[in-house]
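Coordinate inspection notes
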Amino acid sequence: MNQARSAPAAQPVSQDVLERLADVIDQRRQGDPDKSYVARLFHKGPDAILKKVGEEATEMVMAGKDGDPAQIVYEVADLWFHSLIALAQFGLRPADVLAELTRREGLSGLEEFAARKAQQREQDES
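With that out of the way, let us pick up helix H2 (residues 37-44). Buried within H2 are the following residues: Val-38, Ala-39, Leu-41 and Phe-42. Down the axis of H2, the smallest arc covering the buried residues is 160°, so these residues share one side. Turned more than 90 degrees away from the buried face of H2 sit His-43 and Lys-44, all of them exposed. Looking at the buried residues of H2, the elements they touch are helix H1 (16-29), helix H3 (46-66) and helix H4 (69-89). Taking the backbone nitrogen of Val-38 as reference, a side-chain oxygen 3.4 Å away marks Ser-36 as the first, capping residue of H2. Residue Gly-45 follows H2 closely and has a positive phi angle near 100°.

Each pocket or cavity is described by its volume, and for the second largest pocket that value is around 260 Å³. Leu-18, Trp-80, Ser-83, Leu-84, Leu-87, Pro-94, Val-97, Leu-98 and Leu-101 are the residues that line the second largest pocket. Listing elements by their share of the lining of the second largest pocket, those giving two or more residues are H4 and helix H5 (94-104). For the lining of the second largest pocket, the per-class residue count stands at eight nonpolar, one polar and no charged.

A few words on empty space enclosed by the protein. All chains considered together, the criterion is met by one cavity of 30 Å³ or more. Roughly 30 Å³ of volume is contained in the largest cavity. Lining of the largest cavity is provided by Ala-22, Asp-26, Leu-84, Leu-87, Ala-88, Leu-92, Arg-93 and Pro-94. Mapped by element, the contributors of at least two residues to the lining of the largest cavity are H1 and H4.

A few words on H3. Along its 21 residues, H3 runs 30 Å from first to last C-alpha, staying within 8% of the 30 Å computed at 1.5 Å per residue. The set of residues buried in H3 consists of Ile-49, Val-53, Glu-56 and Ala-63. Around the axis of H3, the buried residues are gathered within 85° of arc, so they sit on the same side. For H3, the exposed residues lying more than 90 degrees away from the buried face are Asp-47, Lys-51 and Lys-65. Lining the buried residues of H3 we find H2 and H4.

Interhelical geometry of H1 versus H2 gives an angle of 65° and a closest axis separation of 8 Å. Judged by the inter-axis angle, H1 sits roughly perpendicular to H2. Where H1 crosses over H2, the handedness of that crossing is right-handed. Between H1 and H2, the residues in contact are Ile-25, Arg-28 and Arg-29 and Val-38, Ala-39 and Phe-42, respectively. A class-by-class count of the residues in the contact of H1 with H2 yields four nonpolar, no polar and two charged.

What counts, and where the lines are drawn
- Residues numbered from 1 in each chain as written.
- Predicted model: local features only at pLDDT ≥ 70, side-chain atom pairs only at ≥ 80, totals over all residues.
- Heavy atoms only, no water.
- Buried < 20%, exposed > 50% of the residue type's maximum accessible area, 1.4 Å probe, protein only.
- Helix = DSSP H or I, 4+ residues; strand = E, 2+ residues; numbered from the N terminus.
- Arc of directions from axis to C-beta.
- Contact = heavy atoms within 4.5 Å.
- Polar contact = N/O pair within 3.5 Å; in protein donor to acceptor, adjacent residues only side chain to side chain.
- 1 Å grid on protein atoms, 1.4 Å probe; cavity = no way out; pocket = protein on both sides within 12 Å on 5 of 7 lines; lining within 4 Å.
- Points joined across faces, edges and corners; volume = space filled by probe spheres on them.
- Nonpolar A, V, L, I, M, F, W, Y, C, P; charged D, E, K, R; others polar.
- Expected span 1.5 Å × (residues − 1).
- Axes fitted to C-alpha atoms, helices over the stretch in contact; angles between N-to-C directions.
- Parallel < 35°, antiparallel > 145°, perpendicular 65-115°, else oblique.
- Left-handed = near helix turned anticlockwise from the far one by under 90°.

What follows is the structure, encoded as structure tokens:
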């Protein structure tokens, strides 16, 4: 049986860390692919970036199934990092995702799903 460990103690952080990390990604994007992991991913193109996001998502799911809080945090950090790279690939910033989360705040997930489904039906009929 897996023994779950405690997640590392949370340190006070702000959303600014996502913007700072996005700035670093932007700076490294045009770097030397032989010296920068970020530059290497951008050099390989969107398919490589998206594949890496998929790999990291799978690793996060596996960590969740194992139930190790510290490993879950580690894998989510990897997933978020690679998601930031994907956002940059498509000209987006963390603020774009935060704005969407803010828009959804307070909405019922079931109501949101039903509204999207109705919107899709309307589009299909037109």
